Amino acid sequence: MITKEATAPAPAPAPAHREPPRKADRRRPAWDEVPRWQIYLPLGVYLVFTLVPFYWILLFALRPAGSTSLVPWPMTFDHFEKVWTDRGFGTFFQNSVYVGVATLLATTLVALAGGYALARFDFRAKRVFMLGLLCSQFVPGALLLVPLFEIFAELRMINSLGSVIIAETVFQLPLSIILISNFIKNVPYSLEEAAWVDGCGRFRAFRIVVLPLLRPGLIAVGSFAFVHSWNHFLFALMFLNNQSKQTIPVGLNSLMSADSVDLGALAAGGIIAAVPVVIVFAFIQKWLITGFSAGAVKG
C-alpha cells in the first residue's frame, strides 16, 4: 500500500526590509495637492493691502466734509462737482486726453518706423544704436528738463501742449522702438517675401501682412505711452504756465497748499485721474498680455 507522506507547507518568505525614501527621492506635492488655505491666505492679505487705500480714497471723496464715519453715508458728490467746476478739472481732463492721445499716436508711428528698420535692415552702426537706446533708459527725466526748456524757449513753444507732447514722445521712444523691433522679428520674413512676389511693394506688404500681426504689440506700446503721459508731472509743470493749459497731475498738485489740504477734493480729483486709466486697461487687458508674451519670445 502506497502512502503519501504529509508535506508541511513551506514557510512564507520574510518581508524584505524597506529603506526609508531618501530626501532627494521624495515627490514634491503638485499645485493641486497644496491645501487651499495656503493659496488663498496670501492672496487675501495682498488683496486687503491693495483695496484698502482705494476704499479710503472713495471714503473721503463720497462722504460729507468734516465727517469721520468709516462708511460713506450719507453719500455726496459735492467734492466731484467742486473739483470739476471750481478747480478747473474739466479743462485739465481735456488737456490730459489731448496730450495722452497725441503722445500715443506719435510714439506708435515713430516706433513702428524705427522698429522696422532695426528688425529688417542691417547697417554698420546698428549695435551702437541699440546700445544707445538701452543706455538712454538710465537717464532720469529730471535731467532733461533744462535742455528741453532751452530748446522749447528758442522755438517759442513754452506754455504750449505741443511741447509736452514732444517731450513725452521723445522720452517714450527708446523703449518703444526696442519693443516694436522685437515684435517685428517674431513675424516671419518669408511672409513679406511672398507678398513681394505677388507684386506688393515694401510699404504695402508691411501694411497688409505685417501690421495686422503687430496689433498686440502696438496696443502694449501705445498703452504705455498713454499711461505715462497721463500721469507724468514734471514736463507739464515746467513747460505749462497758464492754468488753462495744465494737465491733471498739475491740477492735483494745486489742491495741496502749505497751510491746508482739502482731502475730499484731493480724493475726488484722484478718482477722476484714475478712472480713465482703469477703463483703458480693462478693455485692452487681453491684448496687453498677448503683446508682452509675444515680445518676450525673441530679442
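Residues numbered from 1 in each chain as written. Predicted model: local features only at pLDDT ≥ 70, side-chain atom pairs only at ≥ 80, totals over all residues. Heavy atoms only, no water.

Mind showing me how you'd approach the overall build of the protein chain here?
Helix and strand counts for the protein chain stand at twelve helices and zero strands. Walking the protein chain from its N terminus toward its C terminus, one meets helices and strands in the order α-α-α-α-α-α-α-α-α-α-α-α. Residue pairs in contact within the protein chain that sit at least 24 positions apart in sequence constitute 72% of those at least 6 positions apart. With the model as given, the accessible surface of the protein chain reaches about 19900 Å², and the carbon-plus-sulfur share is 67%. (Helix = DSSP H or I, 4+ residues; strand = E, 2+ residues; numbered from the N terminus. Contact = heavy atoms within 4.5 Å. Areas by Shrake-Rupley, 256 points an atom, 1.4 Å probe, with all protein chains shown as cover.)

Just to check I follow, could you spell out the pattern of salt bridges for this structure?
Any two side chains of opposite charge can pair, on the condition that their charged atoms come close. Inspection of the entire model under this criterion finds two salt bridges. Residue Glu192 is joined to Arg120 by a salt bridge in which the shortest nitrogen-to-oxygen separation is 2.6 Å. Of this pair, Glu192 sits in helix 7 (residues 189-197) while Arg120 sits in helix 3 (residues 89-120), placing them 72 residues apart in sequence. One exposure class covers both Glu192 and Arg120, and it is buried. With its nearest N and O atoms 3.5 Å apart, the salt bridge here joins Lys126 to Asp122. (Salt bridge = Lys/Arg side-chain N within 4 Å of Asp/Glu carboxyl O. Buried < 20%, exposed > 50% of the residue type's maximum accessible area, 1.4 Å probe, protein only.)

It is not clear to me how the confidence of the model for the protein chain should be interpreted in this structure. Could you clarify?
Interpreting fine coordinate detail is not advised for predicted regions of low pLDDT. The share of residues in the protein chain with pLDDT of 70 or more is 84%, and the mean pLDDT across the chain is 81. No element of the protein chain has a lower mean pLDDT than helix 12 (residues 263-295), which averages 77, and none a higher one than helix 3, which averages 91. Predicted confidence for residues 1-6 stays below pLDDT 50, and this span has zero contacts to residues more than four positions away or in other chains. (pLDDT = per-residue confidence, 0-100.)

Even after reading the chapter, I still don't get the packing of helix 8 (residues 202-213) against helix 9 (residues 215-231), so can you show me in this structure?
How two helices pack is summed up by the angle between their axes together with the distance between the axes. Two elements in contact, helix 8 and helix 9, have axes separated by 4 Å at closest approach and are oriented at 65°. Of the residues in helix 9, those in contact with Leu211, Pro212 and Leu213 of helix 8 are Arg215, Pro216 and Leu218. Among the residues forming the contact of helix 8 with helix 9, the class breakdown is five nonpolar, no polar and one charged. (Axes fitted to C-alpha atoms, helices over the stretch in contact; angles between N-to-C directions. Nonpolar A, V, L, I, M, F, W, Y, C, P; charged D, E, K, R; others polar.)

Help me understand unusual backbone geometry in this model?
Among all residues except glycine, the phi angle is most often negative; among peptide bonds, the trans geometry is most common. Backbone geometry places Arg156, a non-glycine residue, at a positive phi of 60°. Arg156 sits in the exposed class, given a relative accessible area of 79%. Positioned with a positive phi, Asn159 is a non-glycine residue whose angle comes to about 65°. Turning to its location among the elements, Asn159 is positioned in the loop between helix 5 (145-154) and helix 6 (161-185). Of the residues examined, Asn159 reaches a relative accessible area of 23% and is grouped as partly exposed.

Can you help me understand a nonpolar patch on the surface in this one?
Together, Tyr55, Trp56, Leu70, Val71, Trp73, Met75 and Phe77 make up a nonpolar patch on the protein surface, roughly 830 Å² of accessible area in all. Positionally, Phe77 belongs in the loop between helix 1 (36-62) and helix 2 (78-86). (Patch = residues over 30% accessible without salt bridge, like charges linked within 9 Å, V, L, I, M, F, W, Y side chains within 5 Å.)

Teacher, can you tell me more about the packing of helix 3 against helix 6 here?
Across the interface, helix 3 lies against helix 6 with an axial gap of 6 Å and an inter-helix angle of 40°. The hand of the helix 3/helix 6 crossing is right-handed. Taken together, the residues of the contact of helix 3 with helix 6 sort by class into 17 nonpolar, nine polar and three charged. (Left-handed = near helix turned anticlockwise from the far one by under 90°.)

Looking at this structure, how should I read the packing of aromatic side chains?
Aromatic ring pairs are reported here in terms of the distance separating the ring centres and the angle at which the planes meet. Under the counting rule described, the total for this entry stands at 13 aromatic pairs. Seen in terms of ring centroids, Trp56 and Phe60 are 5.7 Å apart; in terms of plane orientation they differ by 65°. Their pairing is edge-to-face. Here Trp56 pairs with Phe60, and both are found in helix 1, just four residues apart, close to one helical turn. Linked through ring pairs, Phe149, Phe152, Phe171, Phe235 and Phe239 together constitute an aromatic cluster. Stacked on the ring of Phe60, the Lys or Arg Arg63 has its end atom at 4.6 Å from the ring centre. (Phe/Tyr/Trp six-rings, centres within 6.5 Å; stacked < 30°, edge-to-face > 60°. Lys NZ or Arg CZ within 6 Å of the ring centre and 35° of its normal.)

Any chance you could explain the nonpolar core here in plain terms?
Soluble globular proteins: nonpolar side chains tend toward being buried together. Judged by nonpolar contacts, the single largest core of 20 residues is most densely connected at Ala61, Phe80, Val83, Phe89, Trp230, Ile248 and Leu252. Of all elements in the fold, only helix 1, helix 2, helix 3, helix 9, helix 11 (248-254) and helix 12 reach the threshold of two or more residues within this core. For this core, the element with the most residues is helix 12, which contributes seven residues. Ile248 has contacts with Phe89, Phe92, Phe93, Ser96, Trp230, Ile272 and Ala273, leaving out every residue within four places of it along the chain. In terms of nonpolar packing, the next biggest core, distinct from the first, is built from 18 residues, Tyr116, Leu133, Ile178 and Phe183 among them. (Core = buried A, V, L, I, M, F, W, Y, C linked by side-chain atoms within 4.5 Å.)

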